[in-house]
Amino acid sequence: MSENKKKALEVRDLNVFFKISTGTVRAVENVDFDLYEGESLGLVGESGCGKTTTALSTMGMLPDNGYIDNGSIKYDNKELANNSEAEWQLYRWNDIAMVFQGAMNALNPVKKISFQIAEAISLHYPKAKDDEIKKRIIELFKLVGLDSSRIDDYPHEFSGGMRQRVMIAMALACNPRILIADEPTTALDVMIQAQIIDLINELRKKISMSMIIITHDLSIISETCDRIAVMYAGNIVELGTVRDVIKNSKHPYTQKLIGAFPNIYGEKKRIESIPGTPPNLLDPPSGCRFHLRCSEAKQICKTEVPKSVDFGNGHYVACHLYGGVTNE
Amino acid sequence: MSNNIVEAKNLKVYFKIRQGLIKDIFSKKERYVKAVDGIDLGIKKGEIVSLVGESGSGKTTTGRAILNLVHHEGLLKFDDEIYDLKNRKWLSSFRKRAQMIFQDPYQSLNPKYMIIDAVSEPLRMIEKNLSESEIKERTIQALEFAGLKPGEDYLYRYPHELSGGQRQRVAIATVFVVSPNFIVADEPVSMLDASIRADIVNLMYEMKEQKGTSYLFITHDLSLAWLISDRIAIMYLGKIVEIGPSEIISGNCRHPYTQALVSVLANVDVDNKRQKIVLKGETPSPTNIPTGCRFHPRCPIAKDKCTKEEPQLTEIEKNQFVACHYPEVILRFVDEKK
Amino acid sequence: MSNLNKIRREKYEVRKRNFKQFIKTFFNNKIGTLGFIMLMFFVVVAYVGPNFYHYSPVEVSKGALLAPPTEGFIFGTDHLGRDIFGAIIYGTKTSLIVGFSGALISIFIGSTIGLSAGFVGGGLDNVLMRITDGMMVLPKLALIMVVSAVLGTNIRNIILVIGLTGWTGTARLVRAQALSLRERPYIERARSIGASKFYIVYKHILPNVFPVIFAQTILATSSAILSETSLSFLGLGDPLSVSWGQVLNGAFVNGAVSVGAWWYFVPAGAAIVLMVLSFTFIGYSFDEILNPKLRGR
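Cut-offs applied
- The residue numbering used here restarts from 1 in each chain and proceeds along that chain's sequence as written.
- Written order determines the labels here, with chains lettered from A and ligands numbered from 1.
- In keeping with the predicted nature of the model, local features appear solely for residues at pLDDT of at least 70, side-chain atom pairs appear and are counted solely at 80 or more, and the whole-chain, interface and lining totals rest on all residues.
- A helix here means a DSSP run of H or I that spans at least four residues, while a strand means a run of E at least two residues long, and both kinds are numbered starting from the N terminus.
- Residues are called buried when their C-beta atom has 20 or more other C-beta atoms within 10 Å, exposed when it has 12 or fewer, and partly exposed otherwise; all C-beta atoms are positioned from the backbone.
- It is the C-beta atoms, placed from the backbone, that decide contacts: two residues are in contact if theirs lie within 7 Å.
- UniProt positions are given in the numbering used here, feature names are shortened, and annotations may be inferred rather than shown by experiment.
- Nonpolar cores are built from buried Ala, Val, Leu, Ile, Met, Phe, Trp, Tyr and Cys residues. These are joined into a set through C-beta atoms within 7 Å.
- As a working rule, the residues Ala, Val, Leu, Ile, Met, Phe, Trp, Tyr, Cys and Pro are called nonpolar, Asp, Glu, Lys and Arg charged, and the rest polar, with Gly in that last group.
- DSSP-based pairing: two strands are paired if at least 2 bridges between them are found.
- Between N-to-C directions, angles span 0 to 180 degrees; the directions come from axes that are lines fitted to C-alpha atoms, helices contributing only their stretch in contact.
- What pLDDT reports is the predictor's confidence in each residue, on a scale of 0 through 100.

## So, the overall build of chain C
What chain C contains, in helices and strands, is eleven helices and zero strands. Across chain C, helices and strands are ordered from the amino to the carboxyl terminus as α-α-α-α-α-α-α-α-α-α-α. For chain C, the spread of C-alpha atoms along the principal axes amounts to about 75 × 45 × 45 Å. Looking at chain C as a whole, 39% of its 297 residues are labelled buried. Contacts spanning at least 24 positions in sequence make up 69% of the contacts within chain C whose residues lie at least 6 apart.

## Looking at the overall build of chain A
A count of helices and strands for chain A gives ten helices and twelve strands. For chain A, the spread of C-alpha atoms along the principal axes amounts to about 65 × 50 × 45 Å. Here chain A, with 328 residues, has 47% of them falling under the buried criterion. For chain A, long-range pairs separated by at least 24 residues make up 62% of all intrachain contacts whose partners lie at least 6 apart in sequence.

## Some details on the UniProt feature "domain: ABC transmembrane type-1" (unreviewed entry) in chain C
Under the UniProt annotation, the feature "domain: ABC transmembrane type-1" (unreviewed entry) is placed at residues 92-283 of chain C. Measuring from the first to the last C-alpha atom of residues 92-283 of chain C gives 20 Å, for a span that is 83% helix and 0% strand.

## Things to note about the nonpolar core
Counting residues in each nonpolar core, the largest one holds 261 residues, and the members touching the most others are A:Ala169, A:Ile212, A:Val230 and B:Ala173. The contact partners of B:Ala173, leaving out residues within four places of it in the chain, are B:Val119, B:Ala142, B:Leu143, B:Phe145 and B:Ala146.

## Points about the UniProt feature "domain: ABC transporter" (unreviewed entry) in chain A
Per the UniProt record, the feature "domain: ABC transporter" (unreviewed entry) sits at residues 11-258 of chain A. Taken as a whole, residues 11-258 of chain A contains 37% helix and 28% strand, while its terminal C-alpha atoms sit 26 Å from one another.

## Quick word on unusual backbone geometry
Residue and element names in this part refer to chain B. Between Lys149 and the following residue, Pro150, the backbone shows a cis peptide bond with an omega angle of -10 degrees. Positive phi, close to 45 degrees, is recorded for Ser179, a residue that is not glycine. Locating Ser179 in the fold gives a position in the loop between helix 6 (164-176) and strand 7 (182-186).

## A closer look at helix 2 (residues 59-66) of chain B
All names here are of chain B. With eight of eight residues buried, helix 2 is to be regarded as a mostly interior element. Along helix 2, the positions that sit buried rather than exposed are Lys59, Thr60, Thr61, Thr62, Gly63, Arg64, Ala65 and Ile66. A positive backbone phi angle near 65 degrees is found at Asn68, which sits one or two residues after helix 2.

## Examining the interface of chain A and chain B
In many reports, interface size means the accessible area that the parts give up when they come together. Each side of the interface is counted separately: chain A has 39 residues, and chain B has 33 residues. Among the elements of the structure, helix 6 (190-206), helix 7 (218-224), helix 8 (242-247) and helix 9 (252-259) of chain A are those that each provide at least two residues to the side of chain A that touches chain B.

## Thoughts on the interface of chain B and chain C
Counting from both sides, the interface comprises 23 residues of chain B and, opposite them, 19 residues of chain C. Where the side of chain B that touches chain C is concerned, the elements lending two or more residues are helix 3 (88-97), strand 6 (98-101), helix 4 (115-126) and helix 5 (132-145) of chain B. Ranked by residue count, the leading element in the side of chain B that touches chain C is helix 4 of chain B, at four residues. Looking at side-chain class alone, the side of chain B that touches chain C contains eleven nonpolar, six polar and six charged residues.

## Examining the UniProt feature "transmembrane region" (unreviewed entry) in chain C
With numbering matched to this structure, UniProt assigns "transmembrane region" (unreviewed entry) to residues 26-48, 96-122, 134-152 and 262-286 of chain C. Taken end to end, residues 134-152 of chain C is 84% helix and 0% strand, and its first and last C-alpha atoms sit 24 Å apart.

## Re the sheet that holds strand 7 of chain B
Residues and elements named next belong to chain B. Spatial strand order, 6-7-8-3-9-10-12-11: eight strands in an open sheet with mixed pairing. The open sheet has two edge strands with one neighbour each: strand 6 and strand 11 (314-317). Across this sheet, the average inter-strand angle for adjacent strands is 25 degrees, counted without regard to direction. Bridging between strand 11 and strand 12 (residues 320-322) involves three bridges; their strand directions are antiparallel. Along strand 12, the bridge assignment pairs Thr314 with Val322. Those strands touched by helix 2 are strand 3 (48-52), strand 7, strand 8 (214-219) and strand 9 (231-236), and its axis lies near 150 degrees from that of strand 8.

## Some remarks on the confidence of the model for chain C
Residue and element names in this part refer to chain C. For chain C, mean pLDDT is 82; residues scoring 70 or higher make up 91% of the total. Across chain C, element-level confidence peaks in helix 7 (residues 168-182) with a mean pLDDT of 89 and bottoms out in helix 5 (residues 140-151) with 80. Prediction confidence for the complex, expressed as pTM and ipTM, is 0.82 and 0.83 respectively.

## Describing the environment of C:Asp78
Residues and elements named next belong to chain C. Structurally, the position occupied by Asp78 is in the loop between helix 2 (30-52) and helix 3 (84-120). Among the residues examined, Asp78 registers 25 C-beta atoms within 10 Å and is labelled buried. Placed 186 residues apart in sequence, Asp78 and Tyr264 show a C-alpha to C-alpha distance of 6.2 Å.

## Brief notes about the confidence of the model for chain A
For chain A, per-residue confidence averages 87 on the pLDDT scale, and 97% of positions sit at 70 or higher. Here residues 324-328 of chain A scores under 50 on pLDDT; set against residues more than four positions off or in separate chains, the count is nine contacts.

## Here's the deal with the environment of A:Ile178
Residue and element names in this part refer to chain A. On the secondary structure map, Ile178 appears in strand 7 (residues 178-182). Judged by the 20 C-beta atoms lying within 10 Å of it, Ile178 is buried. Between the alpha carbons of Ile178 and Lys142 there is a distance of 20 Å; along the sequence they are 36 residues apart. Filtering out sequence-adjacent residues up to four positions away, Ile178 remains in contact with Ala8, Leu9, Leu35, Asp95, Ile96, Met209, Ser210 and Ile212.

## Quick word on the environment of A:Asp244
Residue position: A:Asp244 is located in helix 8. For the pair formed by A:Asp244 and A:Ala8, sequence separation is 236 residues and the distance between their alpha carbons is 22 Å.

Written out as structure tokens, the structure is:
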């Protein structure tokens, strides 16, 4: 079904490394995924699995010691991986925008909200007139469900949930075609989380844009996304529709991860943990990066990197259990 | 004779608000944050009770009051003895029996302490007269119980050399080392990744099964509370609005606030999407608690009575208590009519 | 018993390893190393120099009055014909002693007040901080002058005066640190196992503010040196001891500036600047190591 859909973003063989004093951190390796127009893709994984790094590299916002070692990032069939900073600036926020993790606490406390959104707009539309900008801000406030008479308030007059709405409004300011949301509901109360999830789903209905939602919480993905990419230690281990990945998960890591979330509508049983800890990406394990913690690991897992196996309907799993033969 | 390890009657914790020097001196009206505003709670021996609520609901303050870490009013009993705060002997025996696990494994260990010092500190403080070799032995035992094996390897390390999960295990070892009968666990897993979370939860569970430890488990995560606890208490603005066996979460919860919380619970299961009751607005500030039922401004079924009269916790089914004037209303059906 | 020794030895080994690591990091820092070398140079000059170079402030007229540098007097002579080079060498020790002792006193007072105010809080905090504020707004130099004029001018009193007036900044800094540490969960954990306030301050707060106190000591040393110099320059120094400030005072009083006798004041000025700089460099690099957020920027 996905064949005939237009791709908004096409990431192939992406490697992102960080140079630190003790070596090179292989934060993201061999990451392949497409983001189709109008769809919402969830990147899920534990802390340090490379999900935020992947997103940042599609915006050209890697920290100074990080770089794209290999691979291509295509937006509208334009290659972005080799962009200069000036080219990134043109593209960033206009085409792809991001709600950063914890950004709601990063609003400048002494500037009015309207001023801070206006800043984002006028940076990209230097010619915009003041009243046009104000109109746009009011429009954005309505869009994210905020009271438009409060655009001139200061950040401390807004609660955490409202500030998160402001951050979303700011990301939407220049009508991006792709919105990346990094842990949009973490650190918010349950009811506010539900409000933000509602907002995200509403926005998806109202404006046609693609979304990438980054989170460690599988349950949020299943509420807001069409497809999921599960990441572990810098690799995508399973990719597919939400239903396929959750109901019919193939990769042992995905299965374990799902097992770690209690389901109040299911059986009351002890949640399972995955033994061991995620590997140090300065020196990742050979073969499949999960083999040290995997209960199903075979000999081949220790030596060969598994290739993606296609289960149809865009469901890919990188695991040797399914005969992903290497180097045929 | 009761088999409660902890009993609280009308427990209150008020924090005075400082309004600036001039106002503090001249203003007669003192303002308070009513963090905990009169709760009754009993925890049986060997029982895990979860205290669930959003931030500002007073759940953490309740836990700290029970451990005598904040000034409180009301009656508190531990093992059928009324808190005797002036009696040093009682206090030291209380501290041996009641301990706390903190939320943030990055902050609950002193960065300048080696693991051996951190874990053995409670031993030195509480069980005096232990020899150094006993202390070391008990420290290693506690570390291994907490899943850090071999314990010997961790003794001379600093917290910054450990991962978040390992640190939380050390933090747990500092509690287990004195084998308390009662533990207040304040969001012990909320900072940890899902795959590690289960280990820590299971560890606490093991402690309960092996040694009969009771817990007050403070969390914002309803589904986790449902999973591990025997009973659940839902707090809203300093009061318990509903308390009962944990099964009420998956079935028959009655307070509109609980019903809403359960309905918005993000759920992995793609086939089980229920109608959500998303409450408008946010929890009001505990400095300015609404009259009558404190939930009425956000309650979808609030009536005139709710604005005037504060409902009391009443037993509506065996062991299930609800503080609501209209506990028979099931919200899902109300919403459909609209 | 042997078990106890084993634990001690193990801990000692770990601490030694960490200390070595710290020293290594320090000497990887170019500015810190430079400051350290400069300071060592002054220490050697102060304690070894007098053994090789004879000088006495009361010995007058060895050379011509106010003579420019020559072979015998490489920094020239002052208005009484005394050797300036000798005065600089002998003054080094005075500066170091006054600097360290003054700093230690002020740091001791400042940390004690800061820790008590920050940790105990409440009324005590209010009282101590108002006293600190009061001390802060008093013009420090004027205060030092008045006190030393009353107490009499000798080195001991100068050290005392500098120590007693220089603690305010430290007190504020340590209080701020203690305040933020007080809210940490590990302090609450210590309380929950029944630790006394004294125990918490001594075992939990102090080790964590110590890096700050340490870095502050180094900076306080340089400010104590400057205070001593100012006092001496204004004629309130100890007339019986040789110090750089005394040299500057002599130059100023006797009009060395107006007659262009630069050799009278430039060496002393340069020595003061270099010594203060060496402490600042060391303090700066400690700050960088102890506050990793600054690292690499």
